[in-house]
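So the chains spell out like this:
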Amino acid sequence: MQSVGDRPVMTVIPAADGAADDKSPEPPRRRWNTPDLRKKALIGVLAVWAVAITAVVIFRDGGGGAKAPVATRPSASPSASDAPLTVSQVYQAVLPSVVLIQSTGKAGGSATARSMTESSTGTGVIANADGTILTANHVIEGAAAIKITYTDGTTSAAEVKTADAKRDIATLTPAQLPDTLVPATLGGGVQVGDDVVAIGNPLGLTASTTSGVVSGLNRTMAPDEGGDITGLIQFDAAVNPGSSGGPLVNDRGQVTGIVVALANPTDDGTFIGIGFAVPIGAALGAGQGDGRTPPL
């Protein structure tokens with residue numbers, strides 16, 4: 001064996017005594033069995049295996065690797081819009097459609113109108129892309145002037161477009177619209193026990209919300225004046241004077257009724273657990289409704 005620097009160099013050694021031996025010398029075979037070479041061989045095998053697996057994966061995915069694995073594809077499920085919303089989500093969705101109504105009543109007029117003048121506030125909901133506002137008729141009955149305040153602070157005068165005392169429903173046409181007009185989603189029937197949310201301006205506390213359930217259907221209300229209002233939704237979400245005309249909303253964010261009254265045997269006009277709303281179909285002129293209560 002010779003050495004070049006610090007590295008040994010292997011040389012072929014002739015057979016002893018000139019004996020003929022065609023076999024390959026043993027040292028080269030032992031050279032492939034060293035720990036270092038075994039380690040390198042193992043690494044090489046692993047590298048080949050990894051390349052093979054990668055090729056299989058690429059071939060299965062169409063060669064581009066851009067497709068998501070089948071396991072990560074979303075399975076069929078109801079859309080988010082079909083899922084029940086929380087009270088907070090309902091409030092955030094519907095609040096931009098709710099307005100504060102302030103009325104100045106004429107001298108005299110009906111007892112309902114005088115009562116409305118004393119509170120001077122009510123609620124409405126934007127019901128159409130043209131800005132039409134849906135509210136309770138007694139909120140604006142006998143009013144000499146009507147002022148609308150949107151949730152963005154924009155204010156506008158408004159005029160009565162239609163009035164239906166029999167159902168206690170009215171619509172208003174505002175003189176000015178806000179920069180961003182957000183009509184509410186109308187529709188959606190309810191059943192006893194369904195969750196509902198009321199949004200309004202009770203006792204002048206603007207943009208208030210309460211929640212509860214539908215307590216009954218097809219109730220009848222006997223107001224101070226005029227005939228009975230039938231087909232009403234009874235609910236237990238808290239409402240008070242100033243809530244009238246506001247939306248009663250289901251857990252899909254749909255306006256299912258217009259709040260018109262509460263029940264209180266003491267005639268104090270404060271909430272004791274029973275409120276009433278005109279179903280949205282009737283409010284739009286397509287139906288009717290049951291309970292005895294003074295209007296809000």
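Just above sits the structure.
Every chain is numbered on its own, with residues counted from 1 as its sequence reads. In view of the model being predicted, local features appear only for residues whose pLDDT reaches at least 70, and side-chain atom pairs are presented and counted only at 80 or more, with totals across whole chains, interfaces and linings using the full set of residues. Neither water nor hydrogens contribute to the side-chain values; these are computed over all heavy atoms in the structure.

S.K.: Can you explain the overall build of the protein chain? Please cite residues and give values.
M.R.: Check the secondary structure of the protein chain and you find six helices and 14 strands. Only protein chains enter the accessibility calculation, which uses a 1.4 Å probe. A residue is then buried if its area is under 20% of the maximum for its type, exposed if over 50%, and partly exposed in between. By the burial criterion, 36% of the 296 residues in the protein chain qualify as buried. Per-residue and other accessible areas were derived by the Shrake-Rupley procedure at a 1.4 Å probe size, with only the shown protein chains allowed to occlude residues. About 16900 Å² of surface is accessible on the protein chain, with carbon and sulfur atoms providing 56% of the total. Numbering of helices and strands runs from the N terminus, with a helix taken as a DSSP run of H or I at least four residues long and a strand as a DSSP run of E at least two residues long.

S.K.: Please give an account of the pattern of salt bridges that cites residues and values.
M.R.: Each salt bridge in this description consists of a side-chain nitrogen of Lys or Arg and a carboxyl oxygen of Asp or Glu lying within 4 Å of one another. Here the structure, examined in full by the defined rule, presents two salt bridges. R167 is the salt-bridge partner of D164, the closest N and O atoms lying 3.1 Å from each other. The salt bridge involving D251 is made with R252; its shortest N-O contact spans 3.0 Å.

S.K.: Describe in detail the sheet that holds strand β9 (residues 195-200), supporting the description with residues and values.
M.R.: Taken in spatial order, the six strands close into a barrel running β9-β10-β11-β14-β13-β12, and their pairing is antiparallel. For this sheet, the mean angle separating the axes of adjacent strands, direction not counted, is 45°. Strands qualify as paired when DSSP identifies two bridges or more between them. Note that β9 and strand β12 (residues 247-250) share three bridges and pair antiparallel. Counterpart to V197 in the pairing with β12 is V249. Only heavy atoms matter for contacts: two residues are in contact if any of them lie within 4.5 Å across the pair. Lines fitted to C-alpha atoms define the axes here, with helix axes fitted over just the stretch in contact, and angles between the N-to-C directions of these axes take values from 0 to 180 degrees. In the packing of helix α3 (residues 87-94) onto the sheet, contacts are made with β9, β10 (208-221) and β12, and the angle to β9 comes to roughly 40°.

S.K.: Can you lay out the environment of V255 for me, pointing to particular residues and giving the numbers?
M.R.: Note on placement: V255 falls in strand β13 (residues 255-262). Along the chain, V255 and V125 lie 130 residues apart, while their C-alpha atoms are 9.0 Å from each other. Setting aside chain neighbours within four positions, we find V255 in contact with V125, A184, T185, L186, G187, P247, L248, V249 and I280.

S.K.: Tell me what's going on with the sheet that holds strand β3 (residues 98-105), and back it up with residues and numbers.
M.R.: With antiparallel pairing, the six strands of this closed barrel are ordered in space as β3-β4-β5-β8-β7-β6. Neighbour to neighbour, the strand axes of the sheet diverge by 40° on average, direction disregarded. Relative to strand β5 (residues 133-136), strand β4 (residues 121-126) is paired through three bridges, and the arrangement is antiparallel. Considered in β5, the bridge of I126 is made with I133.

S.K.: Describe the pairing of β13, with residues and values.
M.R.: Counted residue by residue, β13 has eight buried out of eight residues, so it is predominantly covered. Hairpin remark: β12 followed by β13, antiparallel, with four residues in the connecting loop; positive phi at G253, about 80°. With five bridges connecting them, β13 and strand β14 (residues 275-279) associate as antiparallel partners. Residue pairing in the sheet places A261 in a bridge with F276 of β14.

S.K.: Break down the environment of P84 for me, citing the residues and quoting the values.
M.R.: For P84, the position within the fold is in the loop between α2 (35-60) and α3. Counting along the chain gives 167 residues from P84 to D251, while the straight-line C-alpha distance between them is 5.2 Å. Leave out the neighbours within four places in its chain, and P84 touches D251 and R252.

S.K.: Before we move on, could you go through unusual backbone geometry and cite the residues and values that matter?
M.R.: Residues other than glycine predominantly adopt negative phi, and peptide bonds predominantly adopt the trans conformation. Positive phi, normally seen in glycine, also occurs at L203, with a value near 55°. Position of L203 relative to the elements: it lies in the loop between β9 and β10. On the basis of relative accessibility, which here comes to 61%, the residue L203 falls in the exposed class.

S.K.: Would you mind going over the environment of T162 in detail, with residue names and values included?
M.R.: Examined against the element boundaries, T162 turns out to sit in strand β7 (residues 155-164). In this structure T162 comes out as partly exposed when scored by relative accessible area, which is 41%. Remark: the alpha-carbon pair of T162 and T173, spanning 11 residues in sequence, is separated by 9.2 Å.

S.K.: Could you give an account of the nonpolar core, with specific residues and numbers?
M.R.: The biggest cluster of nonpolar side chains holds 32 residues, and the ones touching the most others in it are I101, L134, I146, I148 and L172. The element that contributes the greatest number of residues to this core is β13, accounting for four residues. Those residues in contact with L134, other than ones at most four positions away along the chain, are G124, V125, A127, I169, A170, T171, G245, I258, I280, A283 and L284. As used in this record, nonpolar core signifies buried Ala, Val, Leu, Ile, Met, Phe, Trp, Tyr and Cys residues forming a set joined through side-chain atoms within 4.5 Å. Counting residues in each nonpolar core, the second largest holds 12 residues, with V214, F235, A237 and L248 among its members.

S.K.: Requested: an account of α3, with residues and values cited.
M.R.: Those residues of α3 that sit buried are V90, Y91 and V94. In an axial view of α3, the angular spread of the buried residues amounts to 100°, which keeps them on one side of the axis. On its buried side, α3 packs onto β3, β9, β10 and β12. When we speak of the arc, we mean the arc of directions from the helix axis to the C-beta atoms.

S.K.: Please set out the pairing of β5 residue by residue, giving values where relevant.
M.R.: In sequence, β4 turns back onto β5 through a hairpin of six residues, with G131 there showing a positive phi of about 95°. Bridging between β5 and strand β8 (residues 169-174) involves four bridges; their strand directions are antiparallel. Bridge pairing links L134 to T171 in β8.

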